[in-house]
Amino acid sequence: MTRIYFNRRSFLGATGAMMAALGAGIFPSSLSAQSMEPDTNIDVGEGPFSLPRLPYSYDALEPAIDAETMRTHYSKHHAAYVRNLNKAVRDAGIEASGDALDLIKKIRKLPKDAQKAVRNNGGGHVNHTLFWSILSPNAGSKPTGELAKAIERDIGGLDALKAELKSAGSGVFGSGWAWLVVGKNGRLAVTSTANQDNPLMDVSDAEGTPILGIDVWEHAYYLKYKNDRGKYLDNIWSIISWEAVAEHAAKAGLKGR
Ligand code: MN3
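This one's a predicted model, so the numbers in the text were calculated from it and none came from an experiment.

Rules of the game
Residues numbered from 1 in each chain as written. Predicted model: local features only at pLDDT ≥ 70, side-chain atom pairs only at ≥ 80, totals over all residues. Heavy atoms only, no water. Helix = DSSP H or I, 4+ residues; strand = E, 2+ residues; numbered from the N terminus. Buried < 20%, exposed > 50% of the residue type's maximum accessible area, 1.4 Å probe, protein only. Contact = heavy atoms within 4.5 Å. Pairing = 2+ DSSP bridges. Phe/Tyr/Trp six-rings, centres within 6.5 Å; stacked < 30°, edge-to-face > 60°. Core = buried A, V, L, I, M, F, W, Y, C linked by side-chain atoms within 4.5 Å. Expected span 1.5 Å × (residues − 1). Bend = angle between axes of the 7 residues up to and from the residue. Axes fitted to C-alpha atoms, helices over the stretch in contact; angles between N-to-C directions. Polar contact = N/O pair within 3.5 Å; in protein donor to acceptor, adjacent residues only side chain to side chain. Left-handed = near helix turned anticlockwise from the far one by under 90°. Nonpolar A, V, L, I, M, F, W, Y, C, P; charged D, E, K, R; others polar. Salt bridge = Lys/Arg side-chain N within 4 Å of Asp/Glu carboxyl O.

K.L.:
Tell me about the overall build of the protein chain, and please be specific about residues and values.
P.N.:
On a plain count of helices and strands, the protein chain comes out with nine helices and three strands. Secondary structure elements in the protein chain, listed N-terminal to C-terminal, are α-α-α-α-α-α-β-β-β-α-α-α. Per-residue burial for the protein chain yields a buried fraction of 52% across its 257 residues. Across the protein chain, every contact between residues at least 6 apart in sequence was considered, and the portion connecting residues at least 24 apart equals 68%.

K.L.:
Now, about the pairing of strand 2 (residues 188-194): what can you tell me, with residues and values included?
P.N.:
Across seven bridges, strand 1 (residues 176-182) lies against strand 2 in antiparallel orientation. Across the sheet, the residue bridging to tryptophan 177 is threonine 193, located in strand 2. Once strand 1 ends, the chain turns through five residues before running back antiparallel as strand 2, passing glycine 186 with a positive phi of about 80°.

K.L.:
Got a sec to walk through the packing of aromatic side chains? Specific residues and values, please.
P.N.:
Following the criterion strictly, the structure yields eight aromatic pairs and no others. On the numbers, 6.3 Å between centres and 55° between planes, the contact of tyrosine 58 with tyrosine 74 is tilted. You can see tyrosine 58 sitting in the loop between helix 1 (8-22) and helix 2 (67-92) and its partner tyrosine 74 sitting in helix 2, a full 16 residues away along the chain. Under the relative-accessibility criterion, tyrosine 58 is labelled partly exposed at 23%.

K.L.:
Please give an account of the nonpolar core that cites residues and values.
P.N.:
Judged by nonpolar contacts, the single largest core of 72 residues is most densely connected at Leu135, Leu188, Leu212 and Trp242. Sequence-distant contacts of leucine 212, defined by excluding residues within four places in its chain, comprise Leu130, Ile134, Leu165, Ala178, Trp179, Leu180, Trp237, Ile240, Trp242 and Val245.

K.L.:
Now, about helix 4 (residues 112-133): what can you tell me, with residues and values included?
P.N.:
Taking 1.5 Å per residue as the helical rise, helix 4 with its 22 residues ought to reach 32 Å, and the 32 Å between its terminal C-alpha atoms agrees with that figure. Maximal helix bending in helix 4 amounts to about 35°, located at valine 118. A large share of helix 4 lies buried, amounting to 16 of its 22 residues.

K.L.:
Describe the sheet that holds strand 3 (residues 209-215), listing the residues and the values that go with them.
P.N.:
Strand order in this open sheet of three strands is 2-1-3, and the pairing throughout is antiparallel. Where the open sheet ends on each side, the last strands, each with one partner, are strand 2 and strand 3. For this sheet, the mean angle separating the axes of adjacent strands, direction not counted, is 25°. Where helix 4 meets the sheet, it contacts strand 1 and strand 3, and its direction lies at approximately 85° from that of strand 3.

K.L.:
Describe in detail the side chain of histidine 219, supporting the description with residues and values.
P.N.:
Relative to the helices and strands, histidine 219 resides in the loop between strand 3 and helix 7 (222-225). Of the polar contacts made by the side chain of histidine 219, one reaches the side chain of histidine 77; its length is 3.3 Å. Apart from the residues lying within four places of it in its own chain, the contact partners of histidine 219 are Thr69, His73, His77, Tyr81 and His128.

K.L.:
Tell me about the environment of alanine 64, and please be specific about residues and values.
P.N.:
Along the chain, alanine 64 turns up in the loop between helix 1 and helix 2. Here the alpha-carbon distance between alanine 64 and lysine 224, two residues 160 residues apart in the chain, equals 9.0 Å. Not counting chain neighbours up to four residues away, the residues in contact with alanine 64 comprise Lys224, Tyr225, Asn235, Ser238 and Ile239.

K.L.:
Help me get a handle on the pairing of strand 3, residues and values and all.
P.N.:
The buried fraction of strand 3 amounts to six of the seven residues, a majority that puts the element mostly inside the structure. Summarising the sheet, strand 1 and strand 3 pair through six bridges and their orientation is antiparallel. Bridged to valine 181 within strand 3 is proline 210.

K.L.:
Give a description of the packing of helix 2 against helix 4 that names residues and reports values.
P.N.:
For the pair helix 2 and helix 4, the least separation of the axes is 8 Å and the interaxial angle reads 145°. Our pair here, helix 2 against helix 4, has a crossing hand that is left-handed. Between helix 2, through Met70, His73, Tyr74, His78, Ala80, Tyr81, Val82, Asn84, Leu85, Ala88 and Ala92, and helix 4, the contact on the second element is made entirely by Ala114, Ala117, Val118, Asn120, Asn121, Gly122, Gly124, His125, His128, Thr129, Phe131 and Trp132. The residue inventory of the contact of helix 2 with helix 4, partitioned by class, reads 13 nonpolar, 10 polar and no charged.

K.L.:
Describe the pattern of salt bridges, and please don't skip the residues or the numbers.
P.N.:
Pairing between side chains becomes possible if they bear opposite charge and their charged atoms approach one another. Scanning the model with the defined rule gives eight salt bridges in all. A salt bridge links arginine 53 to glutamate 37, with the nearest nitrogen and oxygen atoms 3.0 Å apart. Of this pair, arginine 53 sits in the loop between helix 1 and helix 2 while glutamate 37 sits in the loop between helix 1 and helix 2, and the two are 16 residues apart along the sequence. A relative accessible area of 23% places glutamate 37 in the partly exposed class. For lysine 149, the salt bridge is made with glutamate 146, and the minimal N-O distance between the two is 3.6 Å. Taken together, the residues span about one helical turn, with lysine 149 and glutamate 146 both in helix 5 (residues 145-154) at a distance of three residues. Judged by its relative accessible area of 39%, lysine 149 is partly exposed. Taking the relative accessible area as the measure of exposure, glutamate 146 reaches 43% and is therefore partly exposed.

That's the geometry; what it means functionally is another story.
Here's what the structure looks like:
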């Protein structure tokens with residue numbers, strides 16, 4: 001089978017210029033890592049997928065998330081998902097662009113023996129790419145505009161949203177994610193998934209397009225919070241970039257009133 005690998009070199013130039021134009025520290029508002037500048041200092045093996053550069057330093061999200069957690073989470077965990085995803089498509093001879101989101105939407109169509117690896121590692125890659133993009137040391141305190149109106153309309157306000165996401169995150173037994181999604185009806189909803197599942201996966205029970213995801217794997221909080229997942233879920237609001245969430249919401253088709 002022919003393998004088509006994304007040519008990293010060809011987009012480094014264009015993406016570098018784009019990132020420079022956007023200014024450091026701003027993620028393009030796409031779930032696709034393909035449009036982001038790759039971190040070439042961390043080896044993720046041969047293949048179409050690259051690790052998107054973290055747009056802030058490891059200590060930038062202190063005190064909500066400590067530097068050591070960020071370093072390990074990004075350079076070890078996320079990098080391993082990308083490395084293992086590259087290996088999975090290499091081993092199975094899967095044709096893939098550098099867009100992991102495309103791949104995880106059609107897991108059922110992949111060779112049987114590759115499905116589990118793509119589900120776990122493709123999900124891990126997509127989920128963490130979204131996660132880094134909605135965190136910011138310069139986070140605003142509140143959603144504004146259409147997003148704020150939709151949170152009021154569909155969830156009952158910001159406090160209700162925080163409570164629902166905390167409940168969803170606390171309710172995940174073991175590892176997983178709590179999500180704010182835009183449903184097919186253009187409205188907001190809170191949901192959760194186990195492991196590295198993403199609501200956009202064809203194999204997921206959850207539905208919708210994630211615009212805010214909170215990692216509730218122990219590796220996301222254990223060094224600082226130990227077993228207190230609830231405290232981590234309370235503190236994360238200080239570093240949520242509502243601007244980034246609003247950009248994701250617009251792309252996901254959030255309907256205004
Ligand atoms: Mn994680």
